Each structure stands twice: as structure tokens, then as C-alpha cells.
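The chain contents come next:
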Amino acid sequence: MSVKVSPSILASNFSSLGEEVKSITEAGADYIHLDVMDGHFVPNLTIGSDVVKSIRDKSQIPFDVHLMIDPVEPYIDGFVQAGADIISIHPEAKDDTDVCLKKIKSHNLKAGLAINPDTNWEVVKPYMDMLDLILVMSVHPGFGGQKFISSALDKLKSLRKEIDQSSREIELEIDGGINFENIQQVIDAGANVIVAGTAAFRGGKAEYANNIQKLRGK
């Protein structure tokens, strides 16, 4: 699998969000990463489905929506209607993970499972047949700008083996503290989708394309 970059709009200039999405798309992003936080499951509030809907026409690439919310099941339809292409949920939420993943798949969207730093990677095993993406959190979710948790590298290696043994095309995504210094480590450990906020949007529009190339390990 080639390395894809999914810039997190959490680090963009929210006063011109639509233009930021357009610019980062034109710079070569593969996905647009949208962090949805509810102030309950994680200690921060970000955006809802209306914001996703409002920027959907600014980019033709897939919207990679990460739902850090609890409950999650009642809100899936809203993000489907807003234009999500990939929806990742957390097994740590109280909802029935199986039901939520099936609901996402019923809309012909790609389904992802996101796992927090303190969660064992083996939690994904019962759901492998339904998954299109596994998201490894390499910081504790809730805030940007945190330091990369190095134990995520071992988790990536274990998940890469599990995915390869499954013979399914499941993408392995990493999110949290990714920068130009540690990018090659996470790629070598098996990640093929890189979520980056600060690193992707660093330096303004003139640097976006260069940032994305660096985040591909080039």
C-alpha cells in the first residue's frame, strides 16, 4: 500500500475553513481528516455534522471522519448525510461496536475502528471482517499538539501483521504527534495513512504541498 496523508483540519485556520480544505486538497492530500469531539468522551468540543456538510463541496477527496463521541450510534446517520466517506468509531464508547460498524457499512461507507493508547490492539480482532481502516491513536485524544507516544509503534507492527494475515485491504492509520522527525518510524512500523495537523498546515498555503510530501516519507 502506498502512503496516504490525511490532514486534520483541527490545525487549520477555522476563520477560512472552506478555503483551507480546498487548498490542502490542491496541495495533494489524499483524505481530509475531521476530528469530532463531544466534550464527554474526550475533554474537548470541536465540530458537528453541519460543519462537515458546509465544507463538503470544497473537496472531492474522501472525508475521513473520526467520531470521538459517546454515544455514537445516534449520530452516524447525520455524518453519512453530511458527506462522510470513512467513519471511525471507538470500541471504548458504550455503544455496541458491532451494531455501529454494521450501520456504517449499510450506507456503503468505509468503516474504521479507532483505538486509544491504553487500549490493547487485539480489541480489533472480532471486527476484522467489517473493517476498512484501523486508526491507532498515538496521543490521548482530545487535544492537538501532544507528544507522540512511542508505544504506538509496537501496536502498529502487531496490527500490520494481523492485517496482512487477514488478506483484507484494511488501511492502518496513525494519529497524534506525527511530525517530520518521526514520520519514517511510523511508516516503517506499518502505517499507510498518516493523520497530521500541525505538520500538514505548518508554514501556510505555500508550504502545504511540501509538507504533504514530507509526510509520505519522501
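Throughout, a residue's number is its position along its own chain's written sequence, starting from 1. This being a predicted model, a pLDDT of at least 70 is required before a residue's local features are given, and a value of 80 or more before pairs of side-chain atoms are given or counted; all residues contribute to the totals for chains, interfaces and linings. Hydrogens are left out, water is left out, and the side-chain values use all remaining heavy atoms of the structure.

(A) Fine view of the environment of Glu169. Going along the chain from the N terminus, every DSSP run of H or I of four or more residues is numbered as a helix, and every run of E of two or more is numbered as a strand. Mapped onto the elements, Glu169 comes out in the loop between α5 (152-166) and β7 (171-175). Using a 1.4 Å probe on the protein chains alone, a residue whose accessible area is under 20% of its type maximum counts as buried, one over 50% counts as exposed, and one in between counts as partly exposed. Given a relative accessible area of 71%, Glu169 falls into the exposed group. Taking the C-alpha atoms as reference, Glu169 lies 14 Å from Lys4; in sequence the two are 165 residues apart.

(B) The arrangement of the pattern of salt bridges in detail. Salt bridge, as used here, is a side-chain nitrogen of Lys or Arg placed within 4 Å of a carboxyl oxygen of Asp or Glu. Going through the model one piece at a time under the given rule, you end up with nine salt bridges. Between Lys94 and Asp70 there is a salt bridge, with the nearest N and O atoms lying 3.5 Å from each other. Taken together, the residues Lys94 in the loop between β4 (86-89) and α4 (97-106) and Asp70 in the loop between β3 (63-68) and α3 (76-82) connect sequence positions 24 residues apart. Here Asp98 ties to Lys102 by a salt bridge, and the two come within 3.0 Å at their closest N and O atoms. In this pair, Asp98 and Lys102 both sit in helix α4, four residues apart, roughly one turn of the helix. Using a relative accessible area of 26% as the deciding quantity, one classes Asp98 as partly exposed.

(C) Main features of empty space enclosed by the protein. We place a 1 Å grid over just the protein atoms. Points where a 1.4 Å probe fits but has no way out form a cavity, open points with protein on both sides within 12 Å along at least 5 of 7 lines form a pocket, and any residue with an atom within 4 Å of a point lines it. Grid points are joined across faces, edges and corners, and a volume is the space filled by probe spheres set on the points. Summed over all chains, the structure comprises one cavity of 30 Å³ or more. Considering only enclosed or pocket space, the largest cavity measures out at about 30 Å³ in volume. Around the largest cavity sit Pro117, Met137, Ser138, Ile149, Ser151, Ala152 and Lys155, which together line it. Polar here means any residue other than Ala, Val, Leu, Ile, Met, Phe, Trp, Tyr, Cys and Pro, which are nonpolar, and Asp, Glu, Lys and Arg, which are charged; Gly is therefore polar. Here the lining of the largest cavity is built from residues that sort into four nonpolar, two polar and one charged.

(D) Quick look at the sheet that holds strand β8 (residues 193-196). Across the sheet, eight strands lie side by side as β1-β8-β7-β6-β5-β4-β3-β2; this open sheet has parallel pairing. Edge positions in the sheet fall to β1 (4-7) and β2 (32-37), since each of these pairs with one other strand and no more. Between one strand axis and the next, the sheet turns by 25° as a mean value, whatever way the strands run. Note on pairing: two strands pair once DSSP finds at least 2 bridges between them. When β2 meets β3, the two strands line up parallel, connected through six bridges. Within the sheet, the bridge partner assigned to Met37 lies in β3 and is Met68. Packing against the sheet, α4 makes contact with β4 and β5 (110-115), and its axis sits at approximately 145° to β5. The convention used is that axes are lines fitted to C-alpha atoms, helices contributing only their stretch in contact, and that angles between N-to-C directions extend from 0 to 180 degrees. What makes two residues a contact is simply this: any of their non-hydrogen atoms within 4.5 Å.

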